[in-house]
Amino acid sequence: MLFVHETPKLHGRHEDVCDAHRRDRLIPAIGGDDDARVAWVLRMTFGTNRSYELTTLTAVRDGSAYERLCERFQTGDLRAWAADADRMRHEVAGRVLRAVPWSPLVTLDLGTVPVDGAEPDPVLFMEDTAWPYEAKLDEYLAAARDHYAPSLTHQTERSLLSMVAV
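Q: Help me understand helix α3 (residues 79–86) in this model?
A: The α-helix advances 3.6 residues per turn, and as a result positions three or four apart in sequence lie on the same side. Along α3, the residues classified as buried are W81, A82 and A85. One side of α3 carries all its buried residues, which in axial view fall inside an arc of 100°.

Dropping the structure here:
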C-alpha cells in the first residue's frame, strides 16, 4: 500500500471552490478505480501557520495502481481536473509514502473508504513531519517507535491525539 501525500498552496480566494472541486469531482473520479481512494483530506484552519492548504492523502494499492493513477492525471480522465486545479493554486508539493512496519495503519481496506465526497465530521489532526539528520533515518525511526509512539497508545478520556499512521 502506498499513500500519495499532496499539499497544494491555494489562491486564497479559490479555497472554497477548490474544496468543492476536490469533493465533487476528484474523490468520486478516483473512487471509480478499485485500486485507489482519497482517504484523508486535511484542511488547515485560516490564521494558522499554513493557511490556504488542503492536504490530501490518497491510498493506492501498489506501484502498478499508482502508475495508472498518474496516467489518468497526465493523459486520461483526470487531466481536465488537474488543469482546473492548477488555476486555483500557486503550486503543489507531493510525495509517495509507505507505512513503517510498526505503524498502526500499514494497509487500508479501500472498499471501506467513501467515494461520494460526503464530508465526515471534522476532527482535530496533527500532521508531524520530521527530517532526520543525514544517514540517521533508522535511528530516528527506532526512537520514534520506542519513545514517541508509546506516548500516543495510552489513550484516556482526556487524550487529544491518537496515532493513525506512521
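Q: Would you mind going over the pattern of salt bridges with me for this structure?
A: Side-chain pairs of opposite charge can arise where the charged atoms are in close proximity. Across all of its chains, the model carries 12 salt bridges by this definition. Across the pair D77 and R72 runs a salt bridge, and its minimum N-O distance is 2.8 Å. Residue R72 is classed as buried on the basis of its relative accessible area, which comes to 14%. Salt-bridge contacts for E139 lead to K136; the nearest nitrogen and oxygen are separated by 3.6 Å. Each member of the salt-bridge network shares a partner with another, and the members are D19, R22, R23, D24 and E119.

Q: Any chance you could explain the sheet that holds strand β4 (residues 89–97) here in plain terms?
A: Strand order in the open sheet formed by 4 strands is β2-β3-β1-β4, with antiparallel pairing between adjacent strands. Edge positions in the open sheet fall to β2 (36–43) and β4, since each of these has one partner strand only. Strand after strand, the sheet turns through a mean of 20° between neighbouring axes, direction not considered. In this sheet, strand β3 (residues 54–60) lies alongside β2 in antiparallel orientation, the contact comprising 7 bridges. Bridge pairing links W40 to L57 in β3. Against the sheet, helix α1 (residues 15–31) touches β1 (2–10), β2 and β3, its axis set at about 160° to β2.

Q: Can you help me understand unusual backbone geometry in this one?
A: In this model, A135 sits at a positive phi of 65°, which is unusual for a non-glycine residue. Within the secondary structure, A135 sits in the loop between β4 and α4 (137–153).

Q: I would appreciate a short explanation of the packing of aromatic side chains in the present structure.
A: The geometry of an aromatic ring pair is captured by the separation of the ring centres together with the interplanar angle, meaning the angle of the planes. Throughout the structure, instances matching the rule amount to 2 aromatic pairs. Between F3 and W40 the ring centres are 6.2 Å apart and the planes differ by 40°, which places this aromatic pair in the tilted class. Here the residue F3 occupies a position in strand β1, and W40 occupies one in strand β2, the gap between them amounting to 37 residues. A residue is classified by how much of its surface remains accessible, and F3, at 7% relative accessible area, is buried. Residue classification places W40 among the partly exposed positions, given a relative accessible area of 29%. Look at F73 and W81: their rings are 6.1 Å apart centre to centre, the planes differ by 70°, and that puts the pair in the edge-to-face class. Classification of F73 as partly exposed rests on a relative accessible area of 23%.

Criteria and cut-off values
- Residues numbered from 1 in each chain as written.
- Predicted model: local features only at pLDDT ≥ 70, side-chain atom pairs only at ≥ 80, totals over all residues.
- Heavy atoms only, no water.
- Buried < 20%, exposed > 50% of the residue type's maximum accessible area, 1.4 Å probe, protein only.
- Helix = DSSP H or I, 4+ residues; strand = E, 2+ residues; numbered from the N terminus.
- Arc of directions from axis to C-beta.
- Salt bridge = Lys/Arg side-chain N within 4 Å of Asp/Glu carboxyl O.
- Pairing = 2+ DSSP bridges.
- Axes fitted to C-alpha atoms, helices over the stretch in contact; angles between N-to-C directions.
- Contact = heavy atoms within 4.5 Å.
- Phe/Tyr/Trp six-rings, centres within 6.5 Å; stacked < 30°, edge-to-face > 60°.

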